[in-house]
Amino acid sequence: MAILVLGGAGYIGSHTVHALIEAGREVVVADNLVTGHRAAVHPKAKLYVGDLSDRAFLDDLLRNETIDGVIHFAAYSLVGESVGNPLKYYRNNLCGTEVLLEALVDHGVQNIVFSSTAATYGEPERIPILESDRTEPTNPYGETKLSMEKMFHWTDRAHGLRYVALRYFNACGALPDGSIGEAHDPETHLIPIVLQVALGRRERLDVFGGDYPTADGTCVRDYIHVCDLADAHIKALEYLERGGESDVFNLGNGVGFSNLEVVEAARAVTHHPIPSSIKDRRPGDPAILVASSEKAGRILGWKPQHTDLKEIIATAYRWHQSHPEGYGDR
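Reading guide: rules and limits
- Residues numbered from 1 in each chain as written.
- Predicted model: local features only at pLDDT ≥ 70, side-chain atom pairs only at ≥ 80, totals over all residues.
- Heavy atoms only, no water.
- Buried < 20%, exposed > 50% of the residue type's maximum accessible area, 1.4 Å probe, protein only.
- Helix = DSSP H or I, 4+ residues; strand = E, 2+ residues; numbered from the N terminus.
- Pairing = 2+ DSSP bridges.
- Core = buried A, V, L, I, M, F, W, Y, C linked by side-chain atoms within 4.5 Å.
- Contact = heavy atoms within 4.5 Å.
- Axes fitted to C-alpha atoms, helices over the stretch in contact; angles between N-to-C directions.
- Salt bridge = Lys/Arg side-chain N within 4 Å of Asp/Glu carboxyl O.

Q: I'd like a rundown of the pairing of strand E10 (residues 247-251), residues and numbers included.
A: For E10, the buried fraction is high: 5 of the 5 residues fall into the buried class. Residues Asp247, Phe249 and Leu251 line one face of E10 and the alternating positions Val248 and Asn250 line the opposite face, and both faces are buried. As paired elements, strand E6 (residues 162-168) and E10 share 5 bridges and run parallel to each other. Each bridged residue has a counterpart across the sheet, and for Leu166 the counterpart in E10 is Phe249.

Written out as structure tokens, the structure reads:
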């Protein structure tokens, strides 16, 4: 019996595949390799190249493999891009997931863990954010993820396909041995961009927004190590396998760091000045996003192990130093 990881060639997906295999699970990866990387897929995982919106591709995979559960990472995830091109996000994230769910129902798959996002909350009504708080996304990315959560809910009600939606905050870091890490083109995430400056691949850092209602005027985010996220996905899958009910969980460290605090930590790790300048805000960015993960700890037994920002940045720096061109397939 195998676990199907959709988007398993991507950043968080590849780390989760690695953790699953380390835990002794058989893994099948499905990825269209549009943003994922073949070289990121663990050599012990079986890779199918195709798109989740292709019903024939999914049927073929599900006929050939005995799938015990699914972890779903196959979604576009850039906030700024979603504002400029919302239909791309509705087509892939929402319509693709609808095709996936039809296939899973028809083939009798009963458990799925879904990669959701803190962007479902929009501007939070309190800090730290609770799962029961209001969900009013401020961008199409968050809106499509929230719609996907609702699709899972009603599919469960109608067909018994149980799910866990994991709303996580800013994924960061890399596998400590430096073998896999974060490689996006274009890169939009703060920590890898900061490290590109330190490695001489960018001249300076643009910080978007210096007039937010925060201590230093820049956005505050909850940074969670990718290996902790991988562990949470496995614990969520095990929870469903034990008969757990469908549910939603936040994943975060519960501590917020501003953009400028991240830059200062990176300067300490890299010993590089990392020149920066403040630019206009990006549309759709909330001022502060910090999670309460108490529920995940209580029900899933999950607790992040990588909580020091400098340590997190150091693992990312190790990856970028050893892979200056990423996976070399772009």
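Q: Break down the nonpolar core for me, citing the residues and quoting the values.
A: Grouped together as the largest cluster of nonpolar side chains are 42 residues, with contacts concentrated most on Ile12, Val27, Leu166, Leu251 and Leu300. When residues of this core are traced back to their parent elements, those giving at least two are strand E1 (2-6), helix H1 (11-22), strand E2 (26-31), E6, helix H7 (226-241), E10 and helix H9 (294-300). A total of 9 residues in this core trace back to one element, the largest contributor, which is H7. If we ignore the near neighbours within four places in the chain, the residues touching Leu166 are Val113, Phe114, Ser115, Ser116, Thr117, Ala232, His233, Ala236, Phe249, Leu251 and Leu300. Listed in part, the 30 residues of the second largest apolar core include Leu4, Leu61, Met148 and Met151.

Q: Could you give me a rundown of the sheet that holds E10, with the residues and numbers involved?
A: Reading across the sheet, the 7 strands line up as E3-E2-E1-E4-E5-E6-E10 and stay open at both edges, with parallel pairing between neighbours. At either margin of the open sheet sits one strand with a lone partner, and together these are strand E3 (46-49) and E10. Mean inter-strand twist for the sheet, computed between neighbouring axes without regard to direction, equals 20°. The pairing of strand E5 (residues 111-117) with E6 spans 7 bridges and is classified as parallel. In the strand pairing of E6, Ser116 is matched with Arg167. In the packing of helix H5 (residues 140-159) onto the sheet, the strands contacted are strand E4 (67-72), E5, E6 and E10, and the crossing angle to E5 comes to about 160°.

Q: Account for the pattern of salt bridges, naming residues and giving values.
A: If you walk through the whole model with that rule in mind, you get 16 salt bridges. Across the pair Arg134 and Glu136 runs a salt bridge whose closest N-O atoms are separated by 3.9 Å. On the basis of relative accessibility, which here comes to 47%, the residue Glu136 falls in the partly exposed class. The structure contains a network of salt bridges with shared partners spanning Arg55, Asp59, Glu102 and Asp106.

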